[in-house]
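For reference, the chains in residue letters:
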Amino acid sequence: MAPTHDPQLLKGVLSLLLLRLLDERESYGYEVVQRLRELGLTDISEGSVYPALARLEREGRVAARLVSSRSGPARKYYRPTAAGAQALAEGTESWLSLAAVVHPVLVRHPSAPPISAEDT
Amino acid sequence: MATSQTVLDRLRLERAVWTMDTRLQDLPRRSRINKRRELRDNLRLAAADVGARQAVRQLGDLRILAADYLAAEYGERTRRPSWSAAALTILGVEAVMTLLVHTGRAAFHAGITATNPQATGTYHWTGIPYLISDETFTYVHGTHTSVGGAWTPLVYVIMLGGAVVTGRLWRLHAAWRRQRRQRTLGATEDAAGGGA
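Now for a look at the structure at hand. (Residues numbered from 1 in each chain as written. Chains lettered and ligands numbered in written order. Predicted model: local features only at pLDDT ≥ 70, side-chain atom pairs only at ≥ 80, totals over all residues.)

## A short note on the pairing of strand β3 (residues 75-80) of chain A
All names here are of chain A. Pairing between strand β1 (residues 27-28) and β3: 2 bridges, direction antiparallel. Each bridged residue has a counterpart across the sheet, and for Ser27 the counterpart in β3 is Tyr78. As defined by bridge partners, strand β2 (residues 62-67) adjoins β3 across 6 bridges and the pair is classed as antiparallel. Across the sheet, the residue bridging to Ala63 is Arg79, located in β3. (Pairing = 2+ DSSP bridges. Helix = DSSP H or I, 4+ residues; strand = E, 2+ residues; numbered from the N terminus.)

## Concerning helix α1 (residues 7-23) of chain B
Structural remark: α-helix, 3.6 residues per turn; residues separated by three or four positions point the same way. Taking 1.5 Å of rise per residue, 17 residues should cover 24 Å, and α1(B) covers 24 Å from first to last C-alpha, within 8% of that figure. Buried residues in α1(B) make contact with α2 (29-50), α3 (52-58) and α4 (62-74) of chain B. (Expected span 1.5 Å × (residues − 1). Contact = placed C-beta atoms within 7 Å.)

## Points about helix α2 (residues 29-38) of chain A
Within α2(A), burial applies to Gly29(A), Tyr30(A), Val32(A) and Val33(A). Here the buried residues of α2(A) occupy an arc of 155° about the axis, which is enough to place them on one side. Those residues of α2(A) hidden inside the fold are in contact with α1 (7-24), β1 and α3 (46-58) of chain A together with α2 of chain B. Phi turns positive one or two residues past the end of α2(A), at Gly40(A), with a value near 120°. (Buried ≥ 20, exposed ≤ 12 C-beta atoms within 10 Å, placed from the backbone. Arc of directions from axis to C-beta.)

## What about the packing of α1(B) against α4(B)?
Residues and elements named next belong to chain B. Packing of α1 against α4 leaves a shortest axis separation of 9 Å and a crossing angle of 50°. The angle between α1 and α4 falls in the class oblique. Crossing handedness for the pair α1 and α4: right-handed. Every residue of α4 that contacts α1 at Ala16, Thr19, Met20 and Arg23 is listed here: Leu62, Arg63, Leu65 and Ala66. Considering only residue class, the contact of α1 with α4 consists of 5 nonpolar, 1 polar and 2 charged. (Axes fitted to C-alpha atoms, helices over the stretch in contact; angles between N-to-C directions. Parallel < 35°, antiparallel > 145°, perpendicular 65-115°, else oblique. Left-handed = near helix turned anticlockwise from the far one by under 90°. Nonpolar A, V, L, I, M, F, W, Y, C, P; charged D, E, K, R; others polar.)

Here is the structure:
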């Protein structure tokens, strides 16, 4: 069974993931969803990605351009702006810093029973 | 796997698109149209992969999606205007005024023809104070033509003022300022990025 991810945790890093993916290659909405699923976020819904893209566009972190498509109307491709690239760099640094603290705590083996507040 | 779309599939997608559109009435028209087109395109692509039913299901709750789109446009805590409330107010005032004018004229006409079904001559209706101007009815053997009976400027003030109040349209000013600031910021950063 595919792993599920906490929507709240995912929401916190979704913008960062989107900026990273778009920084690698400009994409349209559904393509971004597919790329996220290929990365392992199989339970991510389009309904969370599309508004997140709209939000990034409103914030000026991604720019959109219409590219004509053979299969239908023009398709909207997104790519990061300079502000988006800066937000990506800062967000990545912040995430790595947080993960460096959180990860060792979460994976360490509990060698001793927890100390209650009354014992101290 | 690409799947072919039947008429029913297309109807399913269109239903989702237009349901979303009705929930996005408070967005500026251009933004709403852009989102509608983008959503339709994405849905078609998803439907080609997983089928129309699943494509719509993968969107999740359309109410939440619409709320997220609105939050994306106006910000989470930003108070936003309501175009639908403004439009309803205008329609409401128009409906009430139309009813008033129709009822007033009908009552006046009934009064004239009740006393004399074959009335001939000119009759003056004073209208409704502050709302409907006076009207002159010219009768010839019980049938009439009329001049006047227009809405006063106050009605238009009520209509537009009501739309501004109920639609909280003054919030547009803050939204426009925010958009202009973001555009300026984006242009400056792009220029700086291009120059670097």
